[in-house]
Amino acid sequence: MKKIFKDLILTMVIVMLSNQLVFCCGISRSIPKPSGAIDVTQSPYNVPNDRTGNASTGIQQALNDYGGSTPIWIPAGQYRLADRISITKNNTKLYMHRNAKIYRAHTSFGMIHAYNKNNVLIKGGHFDRNDQNAKRIIYFNGGSGNTIDDVYVGSYKGWCFAVYGDDSGVYNSTIRGSSGTIGDDGIHFIGGNGFTVDNCDVLSCDDGVGLFPDAREGDVNIQNVTIQNSKLVSTDCAAFGVGIHPKMSHKGGIVANVYFKNIIGSTSSSTPDTPGIKALNYSSQGGIVENIQILNCSINGHAGNDLGLKIRGGNGGYLNGVIVTDTDLTSFNVRALDIRSAAGSPRHQNIEIRDCTFRNNAYIEKPSGWTWLGNTVSGPITWKSTGDSPRGR
């Protein structure tokens, strides 16, 4: 009888936790040295680990010599980089002790930069821009199969992790704080086919996770992306955002098949019209944003003119296929839900919002072919009929 009662209590606790979307995310406690790895502090590299000398030269040489064939190991210590570290070979595996603290770097292109490299792993380490404004702590610019895993970042400027390429991801990592400059996305996916963020804890100034093509030449596509099991906090923008940004309205391209699952997030921006979640299409060149799915997320807004979920189009751009399910969005001052298009732009299409809770009022221009089922809104809903353009708040 006691065993049955004990099992019943355990089952109840598990159910309660799952309903409240409780989970742990971020870095692990330790990173073991891989068998046979090259220790950069040993001869012939002798990298100083007391922050007094230049660690860049020895680490770079070890990567040049053994990258792609043998794991590289950076043990505990403090490493001062006089310049960025470049990954020069495919299949490079760089491991760092949890207390390997990396400081300073070149002011652009990141502390660690890989250009058109494949199957690169960067695991462990503690990065801090500290001495200088290091933009992009880790930057994968092209290639495929690249991974950031179990990395801790204490502070940064610019996109912390920036990825452009296919079948890549960020896992089990923690990002803490930024310089307070707009543009400081915690994780930014610039473009490619296949990207995953899983079990990450992000505190950023701009988007916690941003999925927006950048200004590089030609149209850039973002497809088949999963962001899941993570905590995303922004002090001045969205917990996460996806689409074609107003600053890139001259771009076309495709943003499609993006899944946000099991996200706890918040925004504390006082900037007007700032959302917890944003899905945008401001392309004037026929850019497509479609099949965006948000499942089992909880997002809170805590300041000024915040929104919960913002779905917006402009310059002729619109969204086709946004599904929001089992999601709780709180906005204390403006609207928990805001769906609209700019005057002259097509209506959004195929928007499904099911079994969600919006803790404040809503402003909705009814999209074409949309589903509204089993939702609750604390406060009035302003319905806009077809063809109306929004005026005021």
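Quick summary incoming for the structure in this document.

### Considering the pairing of strand 13 (residues 168-171)
Here is step 1: Pairing between strand 10 (residues 147-149) and strand 13: three bridges, direction parallel. Within strand 13, the position partnered with D149 by the bridge is Y171.

### Thoughts on the packing of aromatic side chains
Here is step 1: A complete count under the given rule lists six aromatic pairs for this structure.
Here is step 2: Ring centres of F189 and F195 lie 4.3 Å apart, and the angle between their planes is 5 degrees; on these two criteria the pair is classed as stacked.
Here is step 3: Assessed through its relative accessible area of 1%, F195 is described here as buried.
Here is step 4: Clustering of aromatic rings is evident, with ring pairs tying together F358, W370, W372 and W383.
Here is step 5: Across the ring face of Y103, the terminal group of R51 is positioned such that the distance to the ring centre comes to 3.6 Å.
Here is step 6: Its end group placed over the ring of W383, K366 keeps NZ or CZ at 5.4 Å from the ring centre.

### A closer look at the nonpolar core
Here is step 1: F161, L211, F240 and F260 are the most contacted members of the largest nonpolar core, which has 79 residues in total.
Here is step 2: Ranked by size, the runner-up nonpolar core spans five residues in total, among them I31, W73, Y95 and L121.

### Brief notes about helix 2 (residues 56-66)
Here is step 1: Of all the residues in helix 2, the buried ones are S56, G58, I59, Q60, A62 and L63.
Here is step 2: Elements in contact with the buried residues of helix 2: strand 2 (50-54), strand 3 (72-74), strand 4 (77-80), strand 5 (85-87) and strand 6 (93-103).
Here is step 3: Looking one or two residues beyond helix 2, the residue adopting positive phi is G68, at roughly 95 degrees.

### Brief notes about the pattern of salt bridges
Here is step 1: Summed over the entire model, instances satisfying the criterion amount to ten salt bridges.
Here is step 2: It is possible to trace a salt-bridge network through shared partners that takes in R98, K123, D149 and D150.

### A closer look at the pairing of strand 9 (residues 138-144)
Here is step 1: Burial within strand 9 is extensive, with five of its seven residues counted as buried.
Here is step 2: Pairing of strand 7 (residues 112-115) with strand 9 involves four bridges; the strand directions are parallel. Opposite I112, over in strand 9, you have I138 as the bridge partner.
Here is step 3: Pairing of strand 9 with strand 12 (residues 161-166) involves five bridges; the strand directions are parallel. When the bridges of strand 12 are listed, I138 appears paired with F161.

### Side note on the environment of L232
Here is step 1: Counting through the fold element by element, L232 comes out in strand 18 (residues 222-234).
Here is step 2: Here L232 falls in the buried class, since its relative accessible area comes to 0%.
Here is step 3: Considered as a pair, L232 and D207 are 25 residues apart in the sequence and their alpha carbons are 8.5 Å apart.
Here is step 4: With sequence-adjacent residues up to four places away left out, L232 is seen in contact with V202, V209, I227, A239, F240, I263, I264, G265 and S266.

Conventions used here
- Residues numbered from 1 in each chain as written.
- Predicted model: local features only at pLDDT ≥ 70, side-chain atom pairs only at ≥ 80, totals over all residues.
- Heavy atoms only, no water.
- Pairing = 2+ DSSP bridges.
- Helix = DSSP H or I, 4+ residues; strand = E, 2+ residues; numbered from the N terminus.
- Phe/Tyr/Trp six-rings, centres within 6.5 Å; stacked < 30°, edge-to-face > 60°.
- Buried < 20%, exposed > 50% of the residue type's maximum accessible area, 1.4 Å probe, protein only.
- Lys NZ or Arg CZ within 6 Å of the ring centre and 35° of its normal.
- Core = buried A, V, L, I, M, F, W, Y, C linked by side-chain atoms within 4.5 Å.
- Contact = heavy atoms within 4.5 Å.
- Salt bridge = Lys/Arg side-chain N within 4 Å of Asp/Glu carboxyl O.

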